[in-house]
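One-letter residues, chain by chain:
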Amino acid sequence: MANSTLKSAALLDQMKLHLSSDAGKGLVKKIGLVYQLNIAPKKIGFEEEIYVVDLKKGEVTKGPYKGKPDATFSFKDEDFIKIASGKMNPQMAFMRGAMKIKGSISAAQKFTPDIFPKPSKL
Amino acid sequence: MSMRELVTGGAACAVPGSSSSSNPLGALANSLLGSSSKTQEKLNELPGTAVTGPSTSLYSGGDNQLSTLPGFENEEQELRHPDAQASEFLRGFRGADHGGFADAWNEIQRPQLPPHGLRGGPLPYTEFDRVYENGFQSQPPPTLDGPPGMVLSNFLHSFMRSSGTGVPFGPAMLPVLGLSERDKLCIRDRSSIMARHFFADKSEEFINAQVNTLLHSLDIDSDFRAKGPIPGRYPELEEYWNESQGAIQPVIHNPANGWINEFSQQKSLHSDPEAWVNMFEQQHGAKGWASEFQQEQSQMTSMNQINSANMAAMEQARMLAHTLSQNNNPKFQNSKFHQFVSKMSRGELIVDDNQIKPAGVSSHVGWAEEYQQQHKGAPTSWVNEFAQNELSHGTNGWAKEFSAERELHGSVDDKWVQEFSKLNVNDWAEEFGHQVGEGVLGESSEWLDGYNEYLNEQQAVKQQSNSSRGVYLFSDMNPYVGHPDPLKEGQELFRKGLLSEAVLALEAEVIKNPENAEGWRLLGITHAENDDDQQAIASMMRAHEVDPTNLEVLLALGVSHTNELEQAEALKYLYGWLQHHPKYGTLAPPEQSASLFFADVAGLFNEAARLSPDDADVHIVLGVLYNLSREFDSAIKSFQSALKLKPRDYSLWNKLGATQANSVQSADALLAYQQALDLKPNYVRAWANMGISFANQGLYEDSIRYYVRALAMNPKADNAWQYLRISLSCASRNDMLEACDSRNLDVLQREFPL
C-alpha cells in the first residue's frame, strides 16, 4: 500500500497495525465482519483502489475479497477519510450519495468511525 | 377624535380589559370573532356528539400487550369495534362526561384498555382487579379521585383521548392536587406543546381553548403560556406521565388468562346481566344520571357561559360607543358605523358565527331545547340498549371474544414477524443495486444525467473548497488590532504558551504587515501547536509566498501536509527543504522536483544524514519522510537521533510520540507526549495526541479527559471535537453528546476533569 498516494491508504496502513493491538483484536471479536472498500481518488467508480478490511481475521489487504464480503462500500478518498475521522456521519454520507453500499445493511451499520484508528499528529 | 386615532389606538380611546390590543376597533373585532368561534366550540361540546376513544374500542383491549411499543398509543384509538350498537350506546354514554356513571364505566374499561403511555402490560390487570372488586361489591370509584398523582395522570389521559376524536375537552372538577409551581409550569408548557401536536388539523383558537380548559381544571394560570412553546418535547411529557404512572402502580404480573377467569367468576355471581344495570340504578336512581346531566346542562346555560363572550363584546361595544359619542362631529354621530356600534352596545345586534344578527330569542335557550329534543327518551333507551347488548353477548361472550381476538392478533403478529424476517435484507440491498445497474444501462438515463450533474456540482464545490483551502481565516473581534507591536506581543504570548492569544496577536501583525514572513511563520507554528493544521498550512503558505526559501517554513509545511495525509504535497515541501538548504542543496537536482518519488527523496536525505550526522534537522526531516511512507520504525529511529541532539525540543518529543502511537506503541507514545508537556504544558497538540492514544487503545473514558483538556485550551480545534464525539459515544456517554455538539466546554470540563 505504500506506493498508493491515497490518503485512505495511509489510514489503512495504520489500520493494519492497529488490528494487531489489543484494541484491534477487540474489534475482531466485536464486529467479526468483512468489509470491502472501493476507494476512488476523484469520482466513485473511477480508478478505484480496492481494500479489504477483514474484521474476521484481523487483516487489511489490497485487492478484492476472495468470496463475498459482508458489505462493500464505495467512496471517494476524501470522503472515506471524513467518515473515518468522524467529520462525516456514515448515514449522512450514504444519503448524500457520498458512500454507496452493497451487501448486508446490518453489517453496514457497524461500519462506524470508531473502527478506525485516529492518526496522531507530528 | 379622528377615526385614525380610533384605529391606531390613541390614549383617549384605550379600552379597558383589552390587554393585548391597544386598538379599540381591533379589540372589538377580536372579541366579536372570538365569541363566535367560542360559540361553535360550545356547540361541539354538547354531549351526544362526543365519540371518545376508549369507549368505542370496547373489545380491542386484547392487544394491550402487543401495543406496548412506544408510539402505538394513539393508534389504539383508531380501533373501532364493529358492533355499532355497543359503540352507539357507549358514545351516548360517554357524553355524560362527568357523571359518576361514565367515570365508573371508564374505570372498568381502563384495565381492559390501558390508556396512553402504559408500558408493560401487567399494570392494567392489577388495576382491573382492584376496580372490579370495588366496582361490583361497592361503589365504583370515581375516576378523578384517589392519590393526586393518579388523578392527574387520569386527567391528562382524558385530555389526550380528546385529541383522538377532535372533541373539545370538557372542564372537570378536580380535587386539590397540591401541584408545585414547577409542576404547574411543566404541565402548562408541555400541554400547550402537546396540544399542537394532537390538534395539528385544528385551528389555533381550538387548541388554545383545549389547553385553557385543561389548565383551568388544574388550576394553572394559563397567562404564562406566552413564554412560547418549545417544539419537539413530546417524549418528555410522555416520560413524565409514565413516571407518575410507575410511581403509583405496583408492578405485579398477572397472566392475561387470570383476569379473564376472574372476570367470568365474578360475572357468574352476577349472572343476571341486568344486575349491573340495576346496581347502577340503585346508586344513582333510575334515570339518575340523565337528570343529573340535564341539571348540569341547564346550569351551564343559565350561567351564561355561552353568552359571556357576547356579553364581553357588548361591553366593549358600549365602551366604544361611549368614546364615539363624545365626538361632536355631527357627520360622525350620524354615521352608520356609530349606529352599528350603539346598537351593538345595547344588545340589539349580536354577532353569531361571524354574521351580525338581530338579537331575537337568545340562541342558547334554543340549544338547550334542541338538545332536550334530541335526547328525549334517550337515557332510558341507552340503558335498554346496553342491557340488550349484554344479553345478546352474555358476559362470557365478552371474555371469549376477547381471548379469541387475542389469539387472532397473536397469530397475525407471528405471521407478520415471519414475513418480515423472510424479507432478506441482503436481497433487498442487492436488488436495489441491480435496479440501479439496470437503470444506468436502461431507460432512466435522465436520472443518470441528473446524478452526473449533481456530481459535477459537487466537483465544482470541492474545487472551490480546495482553492479556498490555504486561504487564511482571520478571527473577528481581534483585540490586538491597533496594538503598537503585535509581533513582539505575539512572540511573548507564544513563549508563555498562551497559544490562542498568540494567534490573535500574530493575526494583528500580519494584518498590519502582510509581507512579514516571520509573522506568518510564527502564526503557522502556533496553529500547528494549537492542533489546527488547516490554518497552519494557510499561514505557512503565506510565509512561503513571501520567503520561498525559508527552511523552517518548508519543514512545517511538510509536517502539516503529512498530518493531513497529503503525501504528494508533503513530499514536495520536504524536497524543497533539501533543495534550499545551503549545505545539502547541491544534492538535490532542481529538475527532479516535477516528478518526485518517495524512494529518491529518502535516498537523498539519507545521504545528507551521512554527510552531517550531527545535524538534528536532517534527522527530523527524515523522520517526517518515514512517517509519510509509514516506515514507522525508521521514523522513530530518526527522531530519536534528533532528540539526542535537541533534547529540549518539545515538538520533537511530540513527533516521536505521534510516530510511536501510529505504530501502535501506545505506552511509549504516552511517555514521549509527557516529555513534551513537561517542556511546554500548554502544548495543545500533545494533549490531543494523548487523547488519540487512549482512544486507539480503547480507553475512551481517558481519551475524553484529554480531548476536553486540549479543547479547553483551544476550542477551535475541530479535529479534537470530532474525536471527542466518537469517544463519547464509544464510552456510552451519549448524555454528553449534546454538550459536545453545542461545544459547551463548561459542562464537559465539569464532567470530565483531568
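Since we're looking at a predicted model, the values are computed, not measured.

**Brief notes about the overall build of chain B**
Broken down by element type, chain B carries 38 helices and two strands. Going through the 754 residues of chain B one by one, you find that 49% of them count as buried. Restricting to contacts in chain B with at least 6 residues of sequence separation, those with at least 24 account for 63%. Of the accessible surface of chain B, which amounts to about 37300 Å², a share of 53% is contributed by carbon and sulfur atoms.

**Here we look at the UniProt feature "repeat: TPR" (unreviewed entry) in chain B**
UniProt marks residues 517–550, 616–649, 650–683 and 684–717 of chain B with the feature "repeat: TPR" (unreviewed entry), using the numbering shown here. Helix and strand shares over residues 650–683 of chain B are 79% and 0% respectively, and the end C-alpha atoms of the span are 9 Å apart.

**Some thoughts on the environment of Lys-7 of chain A**
Relative to the assigned elements, Lys-7 of chain A resides in helix α1 (residues 7–18). Distance from Lys-7 of chain A to Ile-81 of chain A, taken between C-alpha atoms, is 7.2 Å for residues 74 residues apart in sequence. For Lys-7 of chain A, the residues in contact, after removing those within four places along its chain, are Asp-77 and Ile-81 of chain A together with Glu-564, Leu-565, Glu-566 and Gln-567 of chain B.

**With respect to the side chain of Thr-526 of chain B**
With respect to the secondary-structure elements, Thr-526 of chain B resides in helix α25 (residues 517–529). Discounting chain neighbours no more than four positions away, the residues touching Thr-526 of chain B are Phe-494, Leu-499, Ala-502, Val-503 and Leu-506 of chain B.

**With respect to helix α27 (residues 551–563) of chain B**
Residues and elements named next belong to chain B. Over its 13 residues, α27 extends 18 Å from the first C-alpha to the last, a length consistent with the 18 Å expected when each residue adds 1.5 Å. Among the 13 residues of α27, eleven are classified as buried, and the element is accordingly described as predominantly covered. Here α27 has its buried residues at Val-553, Leu-554, Leu-555, Ala-556, Leu-557, Gly-558, Val-559, Ser-560, His-561, Thr-562 and Asn-563. Lining the buried residues of α27 we find α25, α26 (533–546), α28 (567–580), α30 (616–628), α32 (650–662) and α34 (684–696). Put simply, Asn-550 is the residue that caps the front of α27, since its side-chain oxygen is 2.9 Å from the backbone nitrogen of Glu-552. Positive phi shows up at Leu-565, right after α27, with a value of about 60°.

**Quick notes on the packing of aromatic side chains**
One pass over the structure, following the stated rule, counts 17 aromatic pairs over all chains. Following the ring pairs from residue to residue traces out a cluster consisting of Tyr-35, Phe-73, Phe-75, Phe-80, Phe-111 and Phe-116 of chain A. The ring centre of Phe-494 of chain B lies 4.0 Å from the NZ or CZ of Lys-680 of chain B, which sits over that ring.

**A word on empty space enclosed by the protein**
All chains considered together, the criterion is met by eleven cavities of 30 Å³ or more. Residue assignment for the lining of the largest cavity shows that the elements contributing at least two residues are α1 of chain A together with α27 and α30 of chain B. Its residues placed into classes, the lining of the largest cavity shows seven nonpolar, seven polar and one charged.

**Here we look at the nonpolar core**
Of all hydrophobic cores here, the largest spans 78 residues; its most connected members are Trp-577, Leu-578 and Phe-605 of chain B. At nine residues, α30 of chain B tops the list of elements feeding residues into this core. Each residue touching Leu-578 of chain B, except ones within four places of it in the same chain, is listed here: Tyr-584, Gly-585, Ala-588, Leu-604, Phe-605 and Ala-608 of chain B. Formed by 34 residues, the second largest nonpolar core is a distinct cluster that contains Ala-9, Val-53, Ile-81 and Met-88 of chain A.

**Section: the confidence of the model for chain B**
All names here are of chain B. Here chain B shows a mean pLDDT of 68. Residues at 70 or above account for 40%. A low-confidence stretch, residues 223–233 (pLDDT under 50), is modelled with 14 contacts involving residues beyond four sequence positions or located in other chains. This complex was scored by the predictor with a pTM of 0.51 and an ipTM of 0.93.

**What about the sheet that holds strand β5 (residues 99–103) of chain A?**
Residues and elements named next belong to chain A. Reading across from one edge, β3-β2-β1-β4-β5 is the order of the five strands in this open sheet, with mixed pairing throughout. The open sheet terminates on both sides in strands that have one partner only, identified here as β3 (59–62) and β5. Ignoring strand direction, the axes of neighbouring strands in this sheet form an average angle of 20°. By the bridge criterion, six bridges tie strand β1 (residues 34–40) to strand β2 (residues 49–54) in an arrangement that is antiparallel. Bridge assignment links Leu-37 to a residue of β2, and that residue is Tyr-51. Lying on the sheet, α1 is in contact with β1, β2 and β3; it crosses β2 at an angle near 25°.

Rules used in this analysis
- Residues numbered from 1 in each chain as written.
- Chains lettered and ligands numbered in written order.
- Predicted model: local features only at pLDDT ≥ 70, side-chain atom pairs only at ≥ 80, totals over all residues.
- Heavy atoms only, no water.
- Helix = DSSP H or I, 4+ residues; strand = E, 2+ residues; numbered from the N terminus.
- Buried < 20%, exposed > 50% of the residue type's maximum accessible area, 1.4 Å probe, protein only.
- Contact = heavy atoms within 4.5 Å.
- Areas by Shrake-Rupley, 256 points an atom, 1.4 Å probe, with all protein chains shown as cover.
- UniProt positions renumbered as here; feature names shortened; annotations may be inferred.
- Expected span 1.5 Å × (residues − 1).
- Polar contact = N/O pair within 3.5 Å; in protein donor to acceptor, adjacent residues only side chain to side chain.
- Phe/Tyr/Trp six-rings, centres within 6.5 Å; stacked < 30°, edge-to-face > 60°.
- Lys NZ or Arg CZ within 6 Å of the ring centre and 35° of its normal.
- 1 Å grid on protein atoms, 1.4 Å probe; cavity = no way out; pocket = protein on both sides within 12 Å on 5 of 7 lines; lining within 4 Å.
- Points joined across faces, edges and corners; volume = space filled by probe spheres on them.
- Nonpolar A, V, L, I, M, F, W, Y, C, P; charged D, E, K, R; others polar.
- Core = buried A, V, L, I, M, F, W, Y, C linked by side-chain atoms within 4.5 Å.
- pLDDT = per-residue confidence, 0-100.
- Pairing = 2+ DSSP bridges.
- Axes fitted to C-alpha atoms, helices over the stretch in contact; angles between N-to-C directions.

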